[in-house]
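Chain by chain, the residues:
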Amino acid sequence: MNITIRGNRSGNSSRGRRAVAAVAFTAAFALTATACGDDGSGAGGDEGKEGSGKGEITFWDNNGGVRTDVWKEIIKDFEAKNPDIHVKYVPIPAESVQSKYDTAIQGGGLPDVGGVGAAMLAGISAQDALEPLDDRLSGSSLEGKLNPGMIDSVRAAGGGNRLFTVPTSASNGVLYYRTDLFKAAGLDAPTNWSKFYEAAKKLTDKGDNRFGYTIRGGEGSIAQALDAAYGQSGIGSFWDGDKTTVNDPKNVAALEKYVALYKNNTPAADVNNDFKKMNAQWDTGQIGMLSHNLGSYTDHVKALGEGKFRGLPNPTTDEGIRVQVSNPVDGLGLFKSSKKKAAAWKFIEFAASHESNSKWNESAGAIPANIAASKDPWVNKAEPTKLAAAALNDGSLKVVQLPYYLPDWNTISKADNEPNYQKVLLGKMSAKEFLDTLAEQLNKAQAEWKEQNK
């Protein structure tokens, strides 16, 4: 069933952000809800039904295209073991999934099951669109078998009280670097920020169209910018009381140094690059380093081969402190409007089970949420995944948790400040002005959230 729904995105004013807090988000542009949970009428807040545990359910993949092949394998396995259930697979590109959900929540057409990352969880749960999963998880085949830290992360992202998604993976930030280019230039691995900047400069040859680094200036740029700021400053918390630390003078100085790489040691096209363009650009072999996450590892192996690059956790300060902003834990949510919740839950259980979770994460190069899957042999063979998991588990990494729980988080980090960050790269706004603006908006959103959750 196809339903066309239209909506308008909220603006950048304080009044607009408060409206967003009330309904979380509105649609960015006209979208077609190409798949329906049952009859296509489900919207946020609808109660739905348990159903018979049979029939057709609809699943929205929140990284469609990139992970389509592995999801189709998992669905095939699931249907073989559950012949009375058919899964309608709908691939949604990562860059449009938030708007897709917002439109369906307001106008109808939600799926039964959907991929919901921590970054968008607060906005969706605030609209009463997701079924709490605490009781379903308790006593299920997954009880005690999922990484407690990932469960805590998605619980916190949803507001802290209830579990709205079953975590499936963590895709930590990684600094990828070309080992062949580093060796030819006589450079050490970029294990700290001093070595990172040295390499960015030495590997740049503009005349030969070679650059030391590629910086993310387009969609999704804010988390990477904050990763670089906190990573260099060594500040280990996003909040100091009720005030954010984003505009701490140490973070301002760190961001100033980082954005100075743009056009000097990075391509000029980076100002508009999202993660797909940035990764594709690095895979051409003309760039020395790339900051992304574990999710792109397998693509780099296909493009470059395993012997030409490595992936390390975020560089340390010169004093050996490693700080990284949280990267979203991905998960599967059960939508409240579903009329076949029993069948939908069976699919979530299967997808998060040892075999399926291992299969999906091996394809993505991410850290499995299923504890047994995280111990499978492939994890040790995929070096970036192994190192990222070790940094998480050995206590050497300080994680600065981004406030995904704020209903305004996506509006502030995307609609309001991605354009501002581009101005910083282009020299039209200072790093201090950018971080001060971001801090003001975050402090206000935090105060409103606390008031609403007294």
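Shown above is the structure to which this text applies.
The rules behind each value
- Residues numbered from 1 in each chain as written.
- Predicted model: local features only at pLDDT ≥ 70, side-chain atom pairs only at ≥ 80, totals over all residues.
- Heavy atoms only, no water.
- Helix = DSSP H or I, 4+ residues; strand = E, 2+ residues; numbered from the N terminus.
- Buried < 20%, exposed > 50% of the residue type's maximum accessible area, 1.4 Å probe, protein only.
- Phe/Tyr/Trp six-rings, centres within 6.5 Å; stacked < 30°, edge-to-face > 60°.
- Lys NZ or Arg CZ within 6 Å of the ring centre and 35° of its normal.
- Contact = heavy atoms within 4.5 Å.
- 1 Å grid on protein atoms, 1.4 Å probe; cavity = no way out; pocket = protein on both sides within 12 Å on 5 of 7 lines; lining within 4 Å.
- Points joined across faces, edges and corners; volume = space filled by probe spheres on them.
- Nonpolar A, V, L, I, M, F, W, Y, C, P; charged D, E, K, R; others polar.
- Axes fitted to C-alpha atoms, helices over the stretch in contact; angles between N-to-C directions.
- Parallel < 35°, antiparallel > 145°, perpendicular 65-115°, else oblique.
- Left-handed = near helix turned anticlockwise from the far one by under 90°.
- Pairing = 2+ DSSP bridges.

Focus: unusual backbone geometry
- With phi around 60°, Asp 128 is a residue other than glycine that occupies positive phi space.
- Turning to its location among the elements, Asp 128 is positioned in the loop between α4 (118-125) and α5 (134-137).
- The class for Asp 128 is partly exposed, based on a relative accessible area of 35%.
- A positive phi angle, near 70°, is found at Lys 263, a position not held by glycine.
- Note that Lys 263 resides in the loop between α10 (249-259) and α11 (275-282).

Describing the packing of aromatic side chains
- For the structure shown, the criterion picks out 24 aromatic pairs.
- Considering the side-chain rings of Trp 71 and Phe 347, the 6.2 Å spacing of their centres and the 40° angle between planes classify their relative orientation as tilted. Of the two residues, Trp 71 is situated in helix α2 (residues 68-81) and Phe 347 in helix α13 (residues 341-351); the sequence distance between them amounts to 276 residues.
- Owing to a relative accessible area of 0%, Phe 347 belongs among the buried residues under this scheme.
- With a centroid separation of 5.9 Å and 65° between ring planes, the pair formed by Tyr 213 and Tyr 258 is classed as edge-to-face. A residue pair is termed long-range when its members are at least 10 positions apart, and Tyr 213 in strand β8 (residues 211-214) and Tyr 258 in helix α10 qualify at 45 residues. Here Tyr 213 matches Tyr 258 in class, with each residue buried.
- Ring pairs connect the aromatic residues Phe 59, Trp 71, Phe 78, Tyr 89, Phe 347, Phe 350 and Trp 360, which therefore count as one cluster.
- Above the ring of Trp 60, the side-chain terminus of Lys 100 is found at 5.8 Å from the ring centroid.

Some words on the environment of Phe 164
- When you line up the elements, Phe 164 lands in the loop between α6 (148-157) and β6 (166-170).
- Sequence spacing of Phe 164 and Gly 331 is 167 residues, and the spatial spacing of their C-alpha atoms is 9.0 Å.
- Apart from residues no more than four positions distant in its own chain, Phe 164 is found in contact with Leu 121, Ser 125, Leu 130, Glu 131, Pro 132, Leu 133, Gly 158, Leu 332 and Gly 333.

A look at empty space enclosed by the protein
- A complete count under the given rule lists 5 cavities of 30 Å³ or more for this structure.
- The computed volume of the largest cavity comes to approximately 70 Å³.
- Lining the largest cavity are Asn 62, Trp 71, Gly 115, Thr 168, Asp 330, Gly 331, Leu 332, Ala 351 and Trp 360.
- Here the lining of the largest cavity gets 3 residues from one element, more than from any other, and that element is strand β14 (residues 329-334).
- Of the residues assigned to the lining of the largest cavity, the class counts are 4 nonpolar, 4 polar and 1 charged.

Details of the packing of helix α9 (residues 221-233) against α10
- For the pair α9 and α10, interaxial distance at closest approach is 8 Å and the crossing angle is 120°. Taken together, the axes of α9 and α10 are oblique relative to one another. Note on packing geometry: the crossing formed by α9 with α10 is right-handed. Within the contact between the two elements, α9 uses Gln 224, Ala 225, Ala 228, Ala 229, Tyr 230, Gln 232 and Ser 233 and α10 uses Lys 250, Asn 251, Ala 254, Leu 255, Lys 257 and Tyr 258.
- The residue makeup of the contact of α9 with α10, split by class, is 7 nonpolar, 4 polar and 2 charged.

A look at the sheet that holds strand β12 (residues 309-312)
- The sheet built from 4 strands is open, its strands ordered β8-β11-β7-β12 with mixed pairing. What marks the edges here is a single partner per strand, and that holds for β8 and β12. Across the sheet, the mean angle separating the axes of adjacent strands is 20° when strand polarity is ignored.
- In terms of strand pairing, strand β7 (residues 173-178) meets β12 through 4 bridges, oriented antiparallel. Counterpart to Arg 178 in the pairing with β12 is Phe 309.

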